[in-house]
Amino acid sequence: MRFKVFLALSALILTACKKDGDPAATDQSAAGAKPADAKPVTYDQIPRDAFLRLAAAHALPIFWTADTNGNDTIDADELVEIWGVPGPRGQWVADGKLTPQFDEAYRTLLAEHQSGPDLSKLDEAEKTRRKAVLKELAQGRPTLVTSDFSGASEGDKKVVRLVLEAAELIEQIFARQQGTAGMENRIPADDAASRMLFYRNQGPWCEAPATENDDNCSAVSPRPKRISGLYPEKIQSDDKFCDTLAKHPKADELMHQFHVVRTQGDELIAVPYTAAFDKKMKAIAAKLEEAAKHVGEGEEAFAAYLTAAAKAFTTNDWEPADEAWSKMSVHNSKWYLRIGPDEVYFEPCRRKAGFHVSFARINQDSLEWQNKLDPVKTDMEKAIAKLAGKPYKARDVAFHMPDFIDIIVNAGDSRSAHGATIGQSLPNWGPVANEGRGRTVAMTNLYADKDSMDALETQAKSLLCNDTMTHFIRDPSVQVMSTVLHEAAHNLGPAHEYKVGGKTAPKIFGGPMASMLEELKSQTAALYYTDWLAERGIITAERAKQAHVRDMIWAFGHISRGMYGSDGRPKPYSQLAAVQFGHLVKSGAITYRPDERAANGTDGGCFAFDLEKFPPAILALMTRVARIKGSGDKKDAEKIVAEFVDVEGEQKQALAIITDRWLRAPKASFVYAVKE
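No experiment lies behind these values; they were computed from the predicted model shown.

Quick notes on the rules
Residues numbered from 1 in each chain as written. Predicted model: local features only at pLDDT ≥ 70, side-chain atom pairs only at ≥ 80, totals over all residues. Heavy atoms only, no water. Axes fitted to C-alpha atoms, helices over the stretch in contact; angles between N-to-C directions. Helix = DSSP H or I, 4+ residues; strand = E, 2+ residues; numbered from the N terminus. Parallel < 35°, antiparallel > 145°, perpendicular 65-115°, else oblique. Left-handed = near helix turned anticlockwise from the far one by under 90°. Contact = heavy atoms within 4.5 Å. Nonpolar A, V, L, I, M, F, W, Y, C, P; charged D, E, K, R; others polar. Core = buried A, V, L, I, M, F, W, Y, C linked by side-chain atoms within 4.5 Å. Buried < 20%, exposed > 50% of the residue type's maximum accessible area, 1.4 Å probe, protein only. Pairing = 2+ DSSP bridges. Disulfide = S-S within 2.5 Å. Expected span 1.5 Å × (residues − 1). Arc of directions from axis to C-beta.

Caption draft 1: Seen up close, the packing of helix α22 (residues 572-586) against helix α23 (residues 614-631). Contact geometry of α22 with α23 gives a least axis separation of 10 Å together with a crossing angle of 125 degrees. On the basis of their axis angle, the class for α22 and α23 is oblique. Seen from above, α22 lies across α23 with right-handed handedness. Contacts from Val579, Gln580, His583 and Leu584 in α22 reach Phe614, Ala617, Ile618, Ala620 and Leu621 in α23. Among the residues making up the contact of α22 with α23, the classes are represented as seven nonpolar, two polar and no charged.

Caption draft 2: The arrangement of the nonpolar core in detail. Counting 198 residues, the largest nonpolar core has Phe51 and Ile339 as the members making the most contacts within it. When neighbours within four sequence positions are excluded, Phe51 is seen to be in contact with Ile46, Ile62, Trp64, Ile74, Phe102, Tyr106 and Leu109. Membership of the second largest hydrophobic core comes to 17 residues, among which are Ala59, Phe198, Trp205 and Cys217.

Caption draft 3: Examining the pairing of strand β8 (residues 267-272) more closely. Sheet topology places strand β7 (residues 259-264) next to β8; six bridges connect them, and they run antiparallel. Bridging from a neighbouring strand, Val261 pairs with Ala270 of β8. Hairpin connection between β7 and β8: a loop of two residues separates the two successive antiparallel strands, and Gly265 in this loop has a positive phi of roughly 70 degrees.

Caption draft 4: How the structure looks around helix α12 (residues 319-326). Looking only at α12, the buried set comprises Ala321, Asp322, Ala324, Trp325 and Ser326. As for α12, its buried residues are in contact with α11 (300-315), β9 (335-341), β12 (420-426), α15 (430-434) and β13 (439-443).

Caption draft 5: Here's a closer look at the state of the cysteines. Within this structure, the stated rule accounts for three disulfides. There is a disulfide in this structure between Cys206 and Cys217, and the S-S distance comes to 1.9 Å. Across the S-S bond of Cys206 and Cys217 the torsion is about -75 degrees, and the bridge reads as left-handed. With Cys206 in the loop between α6 (192-201) and α7 (241-246) and Cys217 in the loop between α6 and α7, this residue pair connects regions lying eleven residues apart in the sequence.

Caption draft 6: Spotlight on the packing of α22 against helix α25 (residues 649-662). Direction vectors running N to C along α22 and α25 enclose 125 degrees, while the axes themselves pass 11 Å from each other. Viewed along their axes, α22 and α25 adopt a mutual orientation that is oblique. Both α22 and α25 take part in a crossing whose hand is right-handed. Note on element contacts: α25 touches α22 through Gln651, Ala654, Leu655 and Ile658, opposite Phe581, Gly582 and Val585. Within the contact of α22 with α25, the residues separate by chemical class into five nonpolar, two polar and no charged.

Caption draft 7: Inspection of helix α10 (residues 278-293) at higher detail. The end-to-end C-alpha distance of α10 is 23 Å, a good match for the 22 Å that 16 residues give at a rise of 1.5 Å each. Inspection of α10 places Met281, Ile284, Ala285, Leu288, Ala291 and Ala292 among the buried residues, and these make up the whole buried set. End-on, the buried residues of α10 take up no more than an arc of 125 degrees, which puts them together on one face. Of the exposed residues in α10, those oriented more than 90 degrees away from the buried face are Lys279 and Lys293. Along its buried surface, α10 packs onto α5 (154-178), α9 (273-276), α11, β9 and β10 (355-363).

So yeah, pure geometry; function would need other evidence.
See below:
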């Protein structure tokens, strides 16, 4: 399971192109011939934020990292290439200087900066579509995650290259799971913005709040219907096809997380991932086997995982890979890698595992939190079990406390159009998960930069009253603590393969509801354990208050995304955030003061937190959620959604205020650069 965050930043998103790297996907308008009247151009004529927006709209795989010397000019050492974007590479900087190719591209961007995009030759329908695409892109701002391996050993560099090559193949498999493979070939050759959208969103559909429901917003025309690549197209015309499959006589096989569903005559059959994605799977296995040969001394655990994962890509038996992966830790490896099928949120039935890569380096700061929580994790389990009540019983828990990791690259299901996973507990199935031996990680190099903190503070000030804002701190360690507790909670209480009456949560509640409830349990547990730790003197009371403020700011960000996607699917994080917010309002812990200005001094009306009322309100919600999951109470699960998600009146107005103010700024979209 994973903990996601969506925050507005003041960096900008870019990237794009065909997944298979077709040369036709390069932007001829930005990298074409130099104009005949080519006069000298200085690179100080486009502000950094505008440059990044324009580079994105032209699908250029370049990023202006920062104006480090303060001269308002792009310098060669401030420009990097972005990983994963098929397009012209290796031609922007040479011998420490910006190249003629960069100059040509800059001139094109400058012309558009001065005059706007030229859509005059398009018919009205195509103009409308392309304007919608540009509006979609404008709602995303990239945040660069960069990793420097220039001083690494040749063996480490080889490992990095091979893992990145495997990640590109993972993206191709994930496209087939999504049902989007090949759609990029329908994008007009001159439409770089749509190529960028297709790459960023991993498909043609718009996802940003102002455009996700716009029928004109699509990277291809006409806008295609969403058809999952995991099920036969003909059965997906029925909105209830997931429920139908769940009741099928062969449901266990058809809905297995590592199978796709296909037809054979009039029959539905289950096809293992290894058969469905045969060539790509074997190619990834070869990359991982080769990487294992280049792992350095002292990295036996990492080599063992690479070897086991390689085999899993040929057998579809992921348990041996889970076993090898569970033995890696901050103590025996400098690497973090998870490659394979894991999370289910991306697909309509919330049952099939999506292929992804999270590749990172271990951050040794995690040892501090491990030393704090390892001695009390049994007590944490007992506390949740007491709240859940019968029939749930406390278990012996042996899971690893979170490792902190610094992301190098996310790919496939881990690469989101907006935001990123900041914590994850895996695996979700099998003996390692069921016996509490999984791994939990917190991604500590995401959202920790100055731009991110500035944006977060600005948004907080637009919503919070002054007396609440005094408990807001920029220090990202507060959010890291919440992530640690959230991910630990995935291993505590009713989780994973816990059954009531022989049925797991997806069978009791349905896949979408089960996903939301598990995330609601874990994030509410993060709030609950914050107070629990403060009561035991492990953190201070003021630290707990600061954490509660940051957690609710996190919730505001997810509320702003809406409760349902354009396809009608529930958004798990948005819905859990609405439940927490609504419950705290109902409990009197959060109030709206219409006659008071927000902390920014501009917005009329603000939210005030009575932080003394938070602990009892959180305890009540934690008890309710734990009992819903522990007893399989589907009626109360549906009631909690009706009470706090599908709302009207004042509660709906409050959610609208949060959404309106939060969406003033574009959302973060992460791009990656790897330097050798």
